[in-house]
Amino acid sequence: MKQTITIILILTMHFLPQNAVAKGAFLNSMPETSCTIEGFSIAEMKGRMQTSALHHIEGIWQFTDNGSTVAIERYTDVASDTHGYRMILVSSANRSLRPGTVMGHIAPTAKDGQYSASIYTSAIGPTLILPHRFTLKLQPGENSIVFQQHKSKFAINLWRTLPYMWRYSIRTNQQPPSADGCRRIYPAPTLPREPRYL
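Here the structure is a predicted model, which is why all the values come from computation and not from measurement. (Residues numbered from 1 in each chain as written. Predicted model: local features only at pLDDT ≥ 70, side-chain atom pairs only at ≥ 80, totals over all residues. Heavy atoms only, no water.)

Caption draft 1: Seen up close, the overall build of the protein. Helices and strands together make up the secondary structure of the protein, namely 3 helices and 10 strands. For the protein, with 198 residues in total, the buried portion stands at 30%. Look at the contacts in the protein between residues 6 or more apart in sequence, and 48% of them connect residues 24 or more apart. Of the roughly 13300 Å² of accessible surface on the protein, a fraction of 57% belongs to carbon and sulfur atoms. (Helix = DSSP H or I, 4+ residues; strand = E, 2+ residues; numbered from the N terminus. Buried < 20%, exposed > 50% of the residue type's maximum accessible area, 1.4 Å probe, protein only. Contact = heavy atoms within 4.5 Å. Areas by Shrake-Rupley, 256 points an atom, 1.4 Å probe, with all protein chains shown as cover.)

And the structure:
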């Protein structure tokens, strides 16, 4: 039995697309708690961006809900020898978080403009915790990104009623269209975000 399971696993890994394997390895390489880049400088980061051909998602972005600013840049994880992008905090509404804190890892998918990401979703003091998976969608014009958090397809709905003290039902989670995300602030968008009226 164990031999059969081993053979199935080997065959699955063999036929799985290599970009999918690499994407998973890169996202899984992110630690359970955040780290901070020592000596982080936004000026140095902008300098690197000015002298290199940026990928579509690279740049500096501002979240629309709280004004926090992050940078997305290419990154190689040496331990897993995988490549992708990392999201780095530039400024935050939460003053306990330090600039240079790595907020998440991002990997491209087979679909243009769509990325998989593992992003921390909570904080204890200056440390980010609880990474969750997201889908990031680069919008037409490449000046905004929409975030959609992955959720289980099904949820158990517990409810109490007499005479049956405990009952439950299984319902399907509906994924509402998401509008949470951020807007590009560097490099500056070539077209204005809002039309100008004379």
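Caption draft 2: The arrangement of the environment of A25 in detail. Locating A25 in the fold gives a position in helix α2 (residues 18–28). In this structure A25 comes out as partly exposed when scored by relative accessible area, which is 30%. Through-space distance from the C-alpha of A25 to that of S80 is 7.0 Å; in sequence the pair is 55 residues apart. Apart from residues lying up to four places away in sequence, A25 is in contact with S80 and T82.

Caption draft 3: The arrangement of unusual backbone geometry in detail. With an omega of -10°, the peptide bond between Y186 and P187 qualifies as cis. Topologically, P187 is positioned in the segment after β10 (181–186). Of note, the phi angle at D81 is positive, near 55°, even though the residue is not glycine. Positionally, D81 belongs in the loop between β2 (69–77) and β3 (82–91).

Caption draft 4: A look at the sheet that holds strand β7 (residues 144–149). As summarised here, the arrangement of the 8 strands in space is β1-β2-β3-β4-β5-β6-β7-β10, forming a closed barrel in which the pairing is antiparallel. Between one strand and the next, the sheet's axes are offset by a mean angle of 35°, whatever the strand orientation. Relative to strand β4 (residues 102–108), β3 is paired through 4 bridges, and the arrangement is antiparallel. Residue pairing for β4: I88 is matched across the bridge by V102. (Pairing = 2+ DSSP bridges. Axes fitted to C-alpha atoms, helices over the stretch in contact; angles between N-to-C directions.)

Caption draft 5: Expanded view of the environment of G113. Position of G113 relative to the elements: it lies in the loop between β4 and β5 (114–124). In this structure, the C-alpha to C-alpha distance between G113 and I57, residues 56 residues apart in sequence, is 8.1 Å. Those residues in contact with G113, other than ones at most four positions away along the chain, are L136, K137 and L138.

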